Amino acid sequence: SDIGWPITHLATNLVNVDLSREARAVLGNLAPIEKDVDAQDGTHYILRVLPYRSEGHIVQGVVLTLSNVTTLKRAEAALVTANDQVSADLRRMSRLHEVSTRLASQGDLPSLLDEIISAAVDITSADMGHIQLIDETGVFTIAAQSGFQQPFLDFFKRVEADDAVLARRARVIVEDLT
(Lines give C-alpha, C1' and ligand atoms only; values in the text may rest on other atoms or scores of the structure.)
Protein backbone atom coordinates (compact mmCIF):
# COMPACT_ATOMS: atom_id res chain seq x y z
CA SER A 1 0.00 0.00 0.00
CA ASP A 2 3.02 2.32 0.35
CA ILE A 3 4.27 1.78 -3.24
CA GLY A 4 4.65 5.10 -4.99
CA TRP A 5 4.51 7.16 -1.81
CA PRO A 6 7.37 9.61 -1.16
CA ILE A 7 9.84 8.50 1.49
CA THR A 8 9.02 11.68 3.43
CA HIS A 9 5.56 10.22 4.13
CA LEU A 10 6.96 7.19 5.95
CA ALA A 11 6.58 7.48 9.72
CA THR A 12 9.35 6.01 11.87
CA ASN A 13 10.24 6.04 15.53
CA LEU A 14 13.93 6.62 14.75
CA VAL A 15 15.66 9.37 16.71
CA ASN A 16 17.47 12.13 14.78
CA VAL A 17 17.35 10.29 11.45
CA ASP A 18 16.12 11.86 8.22
CA LEU A 19 15.67 8.95 5.81
CA SER A 20 14.99 11.18 2.80
CA ARG A 21 18.21 13.16 3.43
CA GLU A 22 20.18 9.90 3.72
CA ALA A 23 18.61 8.61 0.49
CA ARG A 24 19.42 11.86 -1.35
CA ALA A 25 23.02 11.68 -0.13
CA VAL A 26 23.44 8.15 -1.50
CA LEU A 27 21.80 9.08 -4.80
CA GLY A 28 24.02 12.16 -5.03
CA ASN A 29 27.40 10.46 -4.62
CA LEU A 30 26.48 6.75 -5.01
CA ALA A 31 28.44 5.98 -1.84
CA PRO A 32 26.66 3.69 0.64
CA ILE A 33 25.94 4.91 4.18
CA GLU A 34 26.06 2.77 7.29
CA LYS A 35 25.50 4.11 10.78
CA ASP A 36 24.11 3.28 14.20
CA VAL A 37 20.67 4.72 14.91
CA ASP A 38 18.35 4.55 17.90
CA ALA A 39 14.59 4.30 18.14
CA GLN A 40 12.42 6.10 20.66
CA ASP A 41 11.70 2.81 22.44
CA GLY A 42 15.42 2.21 23.13
CA THR A 43 15.96 -0.25 20.28
CA HIS A 44 19.28 0.07 18.47
CA TYR A 45 19.68 -0.44 14.72
CA ILE A 46 22.32 -0.32 12.04
CA LEU A 47 20.95 1.71 9.13
CA ARG A 48 22.36 0.87 5.71
CA VAL A 49 21.47 2.96 2.67
CA LEU A 50 22.74 1.54 -0.62
CA PRO A 51 22.22 2.56 -4.24
CA TYR A 52 19.74 0.26 -6.00
CA ARG A 53 21.06 -0.82 -9.38
CA SER A 54 19.07 -2.57 -12.06
CA GLU A 55 20.43 -5.39 -14.21
CA GLY A 56 22.15 -2.87 -16.45
CA HIS A 57 23.86 -1.33 -13.38
CA ILE A 58 21.72 1.76 -13.72
CA VAL A 59 20.93 3.40 -10.38
CA GLN A 60 17.17 3.43 -9.98
CA GLY A 61 16.84 4.33 -6.30
CA VAL A 62 18.09 3.31 -2.89
CA VAL A 63 17.68 0.33 -0.60
CA LEU A 64 17.27 1.11 3.11
CA THR A 65 17.94 -1.68 5.58
CA LEU A 66 17.51 -1.53 9.34
CA SER A 67 19.13 -4.35 11.32
CA ASN A 68 18.19 -4.68 14.99
CA VAL A 69 21.42 -4.77 17.04
CA THR A 70 19.91 -4.13 20.48
CA THR A 71 21.18 -7.43 21.90
CA LEU A 72 24.64 -6.71 20.53
CA LYS A 73 24.66 -3.21 22.08
CA ARG A 74 23.60 -4.62 25.44
CA ALA A 75 26.34 -7.25 25.27
CA GLU A 76 28.83 -4.53 24.38
CA ALA A 77 27.75 -2.47 27.40
CA ALA A 78 28.07 -5.54 29.64
CA LEU A 79 31.55 -6.15 28.25
CA VAL A 80 32.58 -2.56 29.02
CA THR A 81 31.26 -2.97 32.57
CA ALA A 82 33.13 -6.26 32.99
CA ASN A 83 36.31 -4.68 31.63
CA ASP A 84 35.98 -1.81 34.11
CA GLN A 85 35.55 -4.33 36.95
CA VAL A 86 38.61 -6.31 35.86
CA SER A 87 40.63 -3.08 35.69
CA ALA A 88 39.51 -2.14 39.20
CA ASP A 89 40.35 -5.64 40.46
CA LEU A 90 43.79 -5.44 38.86
CA ARG A 91 44.38 -2.06 40.50
CA ARG A 92 43.41 -3.57 43.86
CA MET A 93 45.63 -6.60 43.35
CA SER A 94 48.52 -4.31 42.42
CA ARG A 95 47.88 -2.42 45.63
CA LEU A 96 48.04 -5.69 47.59
CA HIS A 97 51.30 -6.55 45.85
CA GLU A 98 52.78 -3.18 46.82
CA VAL A 99 51.80 -3.72 50.45
CA SER A 100 53.19 -7.26 50.48
CA THR A 101 56.46 -5.97 49.04
CA ARG A 102 56.67 -3.47 51.88
CA LEU A 103 55.96 -6.26 54.39
CA ALA A 104 58.91 -8.22 53.05
CA SER A 105 61.28 -5.30 53.49
CA GLN A 106 62.29 -3.48 56.63
CA GLY A 107 60.20 -0.44 57.42
CA ASP A 108 58.70 1.48 60.27
CA LEU A 109 55.61 -0.26 61.64
CA PRO A 110 53.28 2.78 61.95
CA SER A 111 53.59 3.80 58.30
CA LEU A 112 53.30 0.17 57.21
CA LEU A 113 50.10 -0.28 59.25
CA ASP A 114 48.71 2.96 57.76
CA GLU A 115 49.43 1.60 54.29
CA ILE A 116 47.76 -1.73 55.13
CA ILE A 117 44.62 0.05 56.37
CA SER A 118 44.58 2.30 53.32
CA ALA A 119 44.90 -0.71 51.00
CA ALA A 120 42.28 -2.74 52.88
CA VAL A 121 39.76 0.12 52.80
CA ASP A 122 40.42 0.63 49.10
CA ILE A 123 40.25 -3.06 48.19
CA THR A 124 37.04 -3.73 50.10
CA SER A 125 35.45 -0.38 49.18
CA ALA A 126 34.86 0.15 52.89
CA ASP A 127 34.16 3.53 54.39
CA MET A 128 36.60 3.05 57.24
CA GLY A 129 38.86 0.58 59.01
CA HIS A 130 41.31 0.25 61.85
CA ILE A 131 43.95 -2.07 63.24
CA GLN A 132 44.31 -2.61 66.97
CA LEU A 133 47.39 -4.19 68.48
CA ILE A 134 47.53 -5.81 71.89
CA ASP A 135 50.40 -4.97 74.18
CA GLU A 136 52.02 -7.17 76.81
CA THR A 137 49.52 -6.04 79.48
CA GLY A 138 46.49 -7.19 77.45
CA VAL A 139 45.39 -3.74 76.28
CA PHE A 140 44.30 -3.12 72.69
CA THR A 141 45.34 0.20 71.17
CA ILE A 142 44.48 1.61 67.77
CA ALA A 143 47.68 1.36 65.76
CA ALA A 144 46.28 2.57 62.43
CA GLN A 145 42.91 3.83 61.21
CA SER A 146 41.16 5.45 58.30
CA GLY A 147 37.85 7.29 58.27
CA PHE A 148 36.93 7.31 61.96
CA GLN A 149 35.84 10.43 63.83
CA GLN A 150 37.66 11.55 66.96
CA PRO A 151 34.92 10.42 69.42
CA PHE A 152 35.32 6.83 68.20
CA LEU A 153 39.10 7.05 68.41
CA ASP A 154 38.93 8.50 71.91
CA PHE A 155 36.47 5.83 73.12
CA PHE A 156 38.51 2.91 71.74
CA LYS A 157 41.95 4.37 72.41
CA ARG A 158 42.60 1.66 75.01
CA VAL A 159 40.44 -1.47 75.33
CA GLU A 160 41.07 -4.23 77.84
CA ALA A 161 41.13 -7.67 76.21
CA ASP A 162 39.01 -10.33 77.87
CA ASP A 163 40.49 -13.72 78.73
CA ALA A 164 38.65 -15.49 75.87
CA VAL A 165 40.28 -13.24 73.29
CA LEU A 166 43.69 -13.63 74.89
CA ALA A 167 43.31 -17.42 75.08
CA ARG A 168 42.64 -17.64 71.31
CA ARG A 169 45.94 -15.93 70.45
CA ALA A 170 44.61 -15.25 66.97
CA ARG A 171 43.21 -12.44 64.93
CA VAL A 172 39.77 -11.29 66.05
CA ILE A 173 37.34 -9.73 63.59
CA VAL A 174 34.32 -7.91 64.99
CA GLU A 175 31.65 -7.72 62.28
CA ASP A 176 29.27 -5.39 64.11
CA LEU A 177 30.67 -3.31 66.92
CA THR A 178 27.23 -2.48 68.33
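Caption draft 1: Representation of the sheet that holds strand β3 (residues 59-68) within the structure. Overall, antiparallel pairing links the 3 strands, which are arranged β1-β2-β3 in an open sheet. The open sheet has two edge strands, β1 (33-38) and β3, and neither has a second partner. In this sheet, adjacent strand axes meet at a mean angle of 25° when their direction is disregarded. The pairing of β1 with strand β2 (residues 44-53) spans 6 bridges and is classified as antiparallel. By the bridge assignment for β2, isoleucine 33 is matched with valine 49.

Caption draft 2: A look at the pattern of salt bridges. Under the defined criterion, the tally for this structure stands at 7 salt bridges. With a shortest N-O distance of 2.4 Å, glutamate 22 and lysine 35 are connected by a salt bridge. Pair noted here: glutamate 22 is in helix α1 (residues 19-29) and lysine 35 is in strand β1, with a separation of 13 residues, a long-range link. Its salt-bridge partner being aspartate 122, residue arginine 91 comes within 2.8 Å of it at the nearest N-O pair. Of this pair, arginine 91 sits in helix α2 (residues 70-104) while aspartate 122 sits in helix α3 (residues 109-124); the two residues are 31 residues apart in sequence, bridging distant segments of the chain. On the accessibility criterion, aspartate 122 (23% relative accessible area) is partly exposed.

Rules and cut-offs
Residues numbered from 1 in each chain as written. Predicted model: local features only at pLDDT ≥ 70, side-chain atom pairs only at ≥ 80, totals over all residues. Heavy atoms only, no water. Pairing = 2+ DSSP bridges. Helix = DSSP H or I, 4+ residues; strand = E, 2+ residues; numbered from the N terminus. Axes fitted to C-alpha atoms, helices over the stretch in contact; angles between N-to-C directions. Salt bridge = Lys/Arg side-chain N within 4 Å of Asp/Glu carboxyl O. Buried < 20%, exposed > 50% of the residue type's maximum accessible area, 1.4 Å probe, protein only.

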